[in-house]
Amino acid sequence: YTVFFPPEDAKRFEEDVKGVFEGIGMEIGIRKDQLQVIAPLEGTPAQRAGLRSGDKILKIGDTLTTDLTVDEAVNLIRGPKGTEVVLTIFREEWETSKEFRLIREIIEVPSLKLEFKDDNIAYIRLYQFSEKASFDFSKAAIEILESPAQKIILDLRNNPGGYLEVAQDIAGWFLDREEIVTIEDFGEGKEQKLYKAQGNAKLLSYPIVILINKGSASGSEILAGALRDNRGIKLIGETSFGKGSVQELEKLKEGSLKITIAHWLTPKGELIADKGLEPDIKVEITDEDYKEGKDPQLDKAIEIIKSL
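Residues numbered from 1 in each chain as written. Predicted model: local features only at pLDDT ≥ 70, side-chain atom pairs only at ≥ 80, totals over all residues. Heavy atoms only, no water.

> Account for the nonpolar core, with residues named and values stated.
Within soluble globular proteins, side chains that are nonpolar tend to cluster in buried spots. Judged by nonpolar contacts, the single largest core of 42 residues is most densely connected at F137, L154, F174 and L227. Among all residues touching L154, those that are not within four sequence positions of it are I124, L126, F174, I208, V209, I210, L211, L223 and L227. Core analysis: the second largest hydrophobic core is formed by 19 residues, M26, I57, V85 and W94 among them. (Core = buried A, V, L, I, M, F, W, Y, C linked by side-chain atoms within 4.5 Å. Buried < 20%, exposed > 50% of the residue type's maximum accessible area, 1.4 Å probe, protein only. Contact = heavy atoms within 4.5 Å.)

> Could you give an account of the packing of helix α5 (residues 164-174) against helix α6 (residues 219-231), with specific residues and numbers?
Running from amino to carboxyl end, α5 crosses α6 at an angle of 30°, the nearest separation of the two axes being 9 Å. Compared by their axis directions, α5 and α6 come out roughly parallel. Two packed elements cross with a definite hand, and for α5 against α6 that hand is right-handed. Of the residues in α6, those touching α5 at L164, A167, I170, A171 and F174 are G219, I222, L223, L227 and R231. When its residues are assigned to classes, the contact of α5 with α6 shows eight nonpolar, one polar and one charged. (Axes fitted to C-alpha atoms, helices over the stretch in contact; angles between N-to-C directions. Helix = DSSP H or I, 4+ residues; strand = E, 2+ residues; numbered from the N terminus. Parallel < 35°, antiparallel > 145°, perpendicular 65-115°, else oblique. Left-handed = near helix turned anticlockwise from the far one by under 90°. Nonpolar A, V, L, I, M, F, W, Y, C, P; charged D, E, K, R; others polar.)

> Just give me the short version of the environment of S240, but keep the residues and values in it.
Checked against the element boundaries, S240 lands in the loop between β16 (234-237) and β17 (245-252). Considering only alpha carbons, one finds S240 and P279, 39 residues apart in sequence, at a separation of 8.1 Å. There is a polar contact of 2.7 Å between the side chain of S240 and the side chain of E221. Reaching out from S240, the side chain makes a polar contact with the backbone nitrogen of L277 at a distance of 2.6 Å. (Polar contact = N/O pair within 3.5 Å; in protein donor to acceptor, adjacent residues only side chain to side chain.)

> Account for unusual backbone geometry, naming residues and giving values.
Backbone geometry places N158, a non-glycine residue, at a positive phi of 60°. Structurally, the position occupied by N158 is in the loop between β12 (151-155) and α5. The residue E178 is not glycine, and still its phi comes out positive at about 75°. Summarising the element assignment, E178 is placed in the loop between α5 and β13 (180-185).

> Report on the side chain of S134, specifying residues and quantitative values.
Residue placement: S134 occurs in helix α4 (residues 133-145). Of note is the side chain of S134, whose polar atom sits 3.0 Å from the side chain of D169. If sequence neighbours within four positions are ignored, S134 has contacts with V166 and D169.

> Which residues make up the pattern of salt bridges, and what values do they have?
Tallied over the full model, the rule gives 21 salt bridges. Between E93 and R52 there is a salt bridge, with the nearest N and O atoms lying 3.7 Å from each other. Placement of the pair is E93 in the loop between β7 (84-90) and β8 (98-103) and R52 in the loop between α2 (45-48) and β5 (56-60), with a sequence separation of 41 residues. With its nearest N and O atoms 3.6 Å apart, the salt bridge here joins D155 to R125. Here R125 lies in strand β11 (residues 121-126) and D155 lies in strand β12, a separation of 30 residues in the sequence. (Salt bridge = Lys/Arg side-chain N within 4 Å of Asp/Glu carboxyl O.)

Structure below.
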């Protein structure tokens, strides 16, 4: 499909992948004809307010979201820092919807966080595939290589994606050169385009597990699918979002066109769009876990990686 939108939306599309904008800090999308939260971003008003992946957005202010495109919804949610936006949210386990009042801020989303757990486990939380994520990941990878760490947990939960090239760069640390990272499928009868690992494969020998959830989308699904299909790496958590379409931004004098031209497939040919990736080990986080600050998904990842 083709969506026409004015010049300020082209600016927003570019801001997203740079990781700096004014708003409440969450990625949204339409699934089963319903606008919903893909992922609240780290350290933002959306995350602090308790919004979660899978929350359904029924209203933005007084506007029903039923007939809104994602771009129209984002334009209503974003706005100058210090101003308020009210979201009417429904969550599966609730009996009725609730209002969330959020104050917009300048959102600067970090690309990643690196921690070391139990001495020999490196834990990398990748927040998004932004412009600087390749550089930041290179620094983190060098730190891991110079540390006593022997195993890696790669956390892609609530990572809504970003640049394909960045996901491809990061995959190159974990895969042999020329192994397929993802396949761009343009439809029946058209030649597919293969994206291959071009990195140094310095982290190839490390045992690894990957965390995913409903907020893992796009580039996260490409990276997780590539490591699963090529190396048999276990995915832990919940089924990912299923955002596997290829979009191009065409700049015109009077505005811009964002066009969906193809779909991403995993190296073994699995369609990502609308399906997502199924975890090998399913672990959910309950309301009680959230309230008590527990993370059973990460606990399971640590348990599994210790056995590898």
